[in-house]
Amino acid sequence: MKKTILTLAASFAMFVGIAAPAAADGERFVLVSHAPDSDSWWNTIKNAINVAGKQMNVTVEYRNPPTGDLADMARIIEQATASKPDGIIATIADFDVLSGPLSNAVAQGIPVITINSGTEEQSKKIGALMHVGQPERDAGFGAGQKAKAAGVTKFLCVNHYITNPASVERCQGYADALGVELGSQMIDSGLDPAEIKSKVLAYLQTNPDTNGILTLGPNSAEPTIAALTEAGKAGTIHFGTFDLSPEIAKAIKSGVITFAIDQQPYLQGYLPVVILTNYARYGVVPGNSINSGPGFVTKDNIALVEKFAGEYR
């Protein structure tokens with residue numbers, strides 16, 4: 001009798017529309033980035049997917065090529081696809097290398113959201129649901145406009161990840177805003193901090209009329225700070241950077257760095273997890289891609305974001 005009553009109660013609940021949700025919790029998503037293990041900037045995105053995973057009651061796996069090798073990243077995407085997740089989140093660090101594996105995931109019925117590197121147009125070509133990121137050339141152009149207003153005429157763009165086309169777009173946008181050729185003013189610094197510092201010092205010695213510097217993240221910004229300090233030029237050269245870290249925040253407050261471009265990586269990790277979860281459960285998805293940046297962090301507003309650097313900013 002008890003079993004019969006419970007069955008009738010469940011049937012009534014379904015009839016009046018108060019039954020179980022459209023899909024059960026526990027979906028699994030995979031985020032594949034291009035970042036090497038040494039790139040601490042991605043800690044904010046790792047934190048974001050952990051927060052979103054707990055809130056949505058889903059599993060989010062973070063995978064990346066340890067050395068930043070993009071062919072390795074392509075293989076990781078293929079492996080993720082073979083594991084049949086409920087969705088894939090990935091950067092488009094190089095469209096030619098990654099569009100095939102990502103398009104294949106879409107063809108197999110796996111929803112894909114692209115983030116960070118790449119463009120909305122590239123995301124659409126892949127067949128992704130949407131792109132969450134920062135238009136990189138536009139961000140570089142905005143940095144260049146600020147530099148031009150400050151009187152910058154000769155600059156150095158320190159590119160620590162030159163194999164990523166998005167990083168070149170940042171430097172190119174900066175040069176375009178200044179109205180000059182990029183040329184040799186962009187250097188391939190590599191990822192080793194000592195090597196970056198040495199290359200910046202050598203460039204400044206060879207090009208003493210350099211009055212502007214753009215770095216593309218903490219990996220290149222922090223050794224550049226050290227180079228300027230050693231050369232006795234800290235605070236004398238207009239210095240802009242992408243992204244935030246405690247060291248960058250300190251340099252903004254001291255006047256060594258003029259501004260940092262915040263692409264709000266927390267949103268790049270958090271929003272795709274929430275969107276994919278709602279898509280898996282209810283079939284709803286925003287109709288447009290999302291620009292997570294750029295925003296400029298200066299001495300005027302650093303206090304608002306400093307305490308969240310590396311975790312939420």
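See the structure printed just above.
Keep in mind the model is a prediction, meaning the values are calculated, not measured. (Residues numbered from 1 in each chain as written. Predicted model: local features only at pLDDT ≥ 70, side-chain atom pairs only at ≥ 80, totals over all residues. Heavy atoms only, no water.)

Let us now look at the overall build of the protein. A tally of helices and strands in the protein yields 12 helices and 12 strands. With the C-alpha coordinates of the protein rotated into their principal frame, the extents come out at 90 × 40 × 30 Å. With 313 residues in all, the protein has 49% of them scored as buried. Contacts in the protein between residues at least 24 apart in sequence constitute 73% of all its contacts with a sequence separation of at least 6. Once the 24 positive and 30 negative side-chain charges of the protein are each reduced to a mean point, those two points are 6 Å apart. (Helix = DSSP H or I, 4+ residues; strand = E, 2+ residues; numbered from the N terminus. Buried < 20%, exposed > 50% of the residue type's maximum accessible area, 1.4 Å probe, protein only. Contact = heavy atoms within 4.5 Å. Lys, Arg positive; Asp, Glu negative; His and termini not counted. Charge placed at Lys NZ, Arg CZ, Asp CG, Glu CD.)

Our focus in this paragraph is the pattern of salt bridges. Counting across every chain of the model gives 13 salt bridges. Between glutamate 136 and arginine 170 there is a salt bridge, and its shortest N-O distance comes to 2.8 Å. Note that glutamate 136 is positioned in helix H6 (residues 136-149) and arginine 170 in helix H7 (residues 165-178), a separation of 34 residues in sequence. Arginine 170 carries the same exposure label as glutamate 136, and that label is buried. Note that arginine 313 and aspartate 262 form a salt bridge whose closest N and O atoms lie 2.6 Å from each other. Of this pair, arginine 313 sits in the segment after helix H12 (302-305) while aspartate 262 is found in strand S10 (residues 259-262), placing the two residues 51 residues apart along the sequence. (Salt bridge = Lys/Arg side-chain N within 4 Å of Asp/Glu carboxyl O.)

Looking now at the pairing of strand S5 (residues 130-133). Because side chains alternate across S5, one face comprises the buried residues Met130 and Val132, and the other comprises His131 and Gly133, equally buried. Here four bridges tie strand S4 (residues 112-116) to S5, and the two strands are oriented parallel to one another. Each residue of the ladder has a partner; that of asparagine 116, found in S5, is glycine 133. Tracing the backbone out of S4, into helix H5 (residues 120-126) and back to the parallel element S5 gives a crossover that is right-handed. Taken together, the two bridges between S5 and strand S11 (residues 290-291) define a ladder with parallel strand orientation. If you follow valine 132 over to S11, its bridge partner there is isoleucine 290. (Pairing = 2+ DSSP bridges. Right-handed = clockwise from strand over helix to strand, strands pointing away.)

It is worth spelling out helix H8 (residues 193-206) at this point. Helix length check: H8 (14 residues) gives 20 Å between terminal C-alpha atoms against 20 Å at 1.5 Å per residue, within 8%. Looking only at H8, the buried set comprises Ile196, Val200, Tyr203 and Leu204. Projected down its long axis, H8 shows its buried positions confined to an angular sector of 95°, all on one face. Turned more than 90 degrees off the buried face of H8, the exposed positions are Ala194, Gln205 and Thr206. (Expected span 1.5 Å × (residues − 1). Arc of directions from axis to C-beta.)

For the pair helix H2 (residues 43-56) and helix H11 (residues 265-282), interaxial distance at closest approach is 7 Å and the crossing angle is 30°. Judged on the interaxial angle alone, H11 and H2 are roughly parallel. Judged by the sense of rotation from one axis to the other, the crossing of H2 with H11 is right-handed. Contacts from Thr44, Ile45, Asn47, Ala48, Ile49, Val51, Ala52, Gly53, Gln55 and Met56 of H2 reach H11 at Pro265, Tyr266, Gln268, Gly269, Tyr270, Val273, Val274, Thr277, Asn278 and Arg281. (Axes fitted to C-alpha atoms, helices over the stretch in contact; angles between N-to-C directions. Parallel < 35°, antiparallel > 145°, perpendicular 65-115°, else oblique. Left-handed = near helix turned anticlockwise from the far one by under 90°.)

Bringing the sheet that holds strand S7 (residues 186-188) into the picture now. Note: strands within a sheet are paired through backbone hydrogen bonds, in either parallel or antiparallel orientation. With respect to topology, six strands assemble into an open sheet ordered S7-S6-S8-S9-S10-S12, the strand pairing being mixed. Because the sheet does not close on itself, it has two edges, and the strands there are S7 and strand S12 (295-297). Here the strands of the sheet are splayed against their neighbours by 20° on average, with no regard to which way each runs. In this structure, strand S9 (residues 238-242) lies alongside S10, joined through three bridges in parallel fashion.

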